Amino acid sequence: MEEREGRLWFLFQFLHDVEEEMSKEEQKQVMIEKAINLKLMCDYVVSCSYLDIVLIICMLRDYVQMVDEIRTDDIQWSAYYRDKFLKMADRLSEQIEYDYDAAKERCLTKRQREETAGDIGEEAMALTLKYAKGKKKKEKESGDG
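Residues numbered from 1 in each chain as written. Predicted model: local features only at pLDDT ≥ 70, side-chain atom pairs only at ≥ 80, totals over all residues. Heavy atoms only, no water.

(A) Representation of the pattern of salt bridges within the structure. Applying the stated rule across the entire model yields three salt bridges. Of the charged contacts in the structure, one is a salt bridge between Arg 61 and Asp 90, with a shortest N-O distance of 3.9 Å. Of this pair, Arg 61 sits in helix H2 (residues 50-70) while Asp 90 sits in helix H3 (residues 75-96), and the two are 29 residues apart along the sequence. Overall, Arg 61 belongs to the buried group, its relative accessible area being 15%. Residue class for Asp 90 comes out partly exposed when judged on its relative accessible area of 41%. With a closest N to O distance of 3.1 Å, Asp 101 and Arg 61 form a salt bridge. With Asp 101 in helix H4 (residues 100-144) and Arg 61 in helix H2, this pair connects stretches of sequence that are 40 residues apart. We classify Asp 101 as partly exposed; its relative accessible area is 47%. Through salt bridges with shared partners, a single network forms among Arg 61, Asp 90 and Asp 101. (Salt bridge = Lys/Arg side-chain N within 4 Å of Asp/Glu carboxyl O. Helix = DSSP H or I, 4+ residues; strand = E, 2+ residues; numbered from the N terminus. Buried < 20%, exposed > 50% of the residue type's maximum accessible area, 1.4 Å probe, protein only.)

Structure representation (structure tokens):
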């Protein structure tokens, strides 16, 4: 259970990092004309930003990974939906020249650096406390003698 929570936390952090990296220019809306609903035989104008598409790509890829972990026995998932979602994510990635794997690697590297920096801070604090205790002990001993 704890592993799942950690994984979800990473996915949310990954989406947050992706969003933070986007410039204001990339968040502007782009109009997609002639999105046709064949059932109603009418067309729509849809707005979407580069950021919206990047988040969709990330969510599709992350969703596939999560379902892969819990539904290895489901033939319908593995034979149809998995490929469909991955093809959609890949098609969108290619169209906007977005590299999900590189972005995820950058996020992992950033997280590892933050954890390492946190460890160094803890070690420094422990050494400082140890040094302070030793100094007090020496002062006591020299004051008593």
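(B) Examining the nonpolar core more closely. If you look at the biggest cluster of nonpolar residues, it comprises 21 residues, and the most contacted ones within it are Phe 14, Val 18, Val 54, Ile 57, Cys 58 and Tyr 98. Counting only elements with at least two residues in this core, the list comes to helix H1 (2-21), H2, H3 and H4. With seven residues, the top contributor of residues to this core is H2. Residues in contact with Phe 14, not counting those within four places in the same chain, are Cys 58, Asp 62, Tyr 98, Tyr 100, Ala 103, Lys 104 and Cys 107. (Core = buried A, V, L, I, M, F, W, Y, C linked by side-chain atoms within 4.5 Å. Contact = heavy atoms within 4.5 Å.)

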